[in-house]
Amino acid sequence: MPLIDCPECKKPISDSASSCPSCGYPVAGHGRKQGSWVVTTVALVLAVVGIIFGAISGNVFAIVVGFLALVFPAIRFLLVSESSNKRMHRTPR
């Protein structure tokens with residue numbers, strides 16, 4: 001558990017802390033998981049492949065499923081970005 005300095009009060013805190021225990025300042029980047037972005041990228045690639053396959057084969061179902069598969073990662077991205085923005089702009093204690 002490496003320690004980093006709090007950007008606000010400069011006291012040492014754990015690099016896995018969501019906020020500084022001394023001043024409450026939110027720590028940037030906390031809670032983002034690398035694996036979730038890999039899953040999102042794979043989902044986007046499969047969606048595009050499905051759309052292309054559907055367009056080439058004339059399969060309307062594959063095109064619709066491909067577009068729906070594009071919508072879900074986009075919604076997830078917006079939700080994660082919004083929650084991250086709220087966490088970053090929270091008023092410290």
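Not measured: the values here are computed from a predicted model.

Engineer: I keep staring at the overall build of the protein chain and nothing clicks. Help me out?
Structural biologist: What the protein chain contains, in helices and strands, is two helices and two strands. When the helices and strands of the protein chain are placed in sequence order, the string is β-β-α-α. Burial status across the protein chain gives 20% buried among its 93 residues. Put simply, 32% of the contacts in the protein chain that link residues at least 6 apart link residues at least 24 apart. Counting only carbon and sulfur atoms, one obtains 69% of the accessible surface of the protein chain, whose full area is about 6700 Å².

Engineer: Hey, could you run me through the environment of D5 in this one?
Structural biologist: Looking at where D5 falls in the secondary structure, it is placed in strand β1 (residues 3-5). Those residues in contact with D5 that sit more than four places away from it in its chain are K10, K11 and P12.

Engineer: Mind showing me how you'd approach the environment of I51 here?
Structural biologist: Relative to the elements of secondary structure, I51 occurs in helix α1 (residues 34-57). The buried category is assigned to I51, whose relative accessible area is 17%. Distance from I51 to L70, taken between C-alpha atoms, is 9.7 Å for residues 19 residues apart in sequence. Those residues within four positions of I51 in sequence are excluded, and the remaining contacts are A62, I63, G66, F67 and L70.

Cut-off values and rules
- Residues numbered from 1 in each chain as written.
- Predicted model: local features only at pLDDT ≥ 70, side-chain atom pairs only at ≥ 80, totals over all residues.
- Heavy atoms only, no water.
- Helix = DSSP H or I, 4+ residues; strand = E, 2+ residues; numbered from the N terminus.
- Buried < 20%, exposed > 50% of the residue type's maximum accessible area, 1.4 Å probe, protein only.
- Contact = heavy atoms within 4.5 Å.
- Areas by Shrake-Rupley, 256 points an atom, 1.4 Å probe, with all protein chains shown as cover.

Keep in mind these numbers describe shape, not what the thing actually does.
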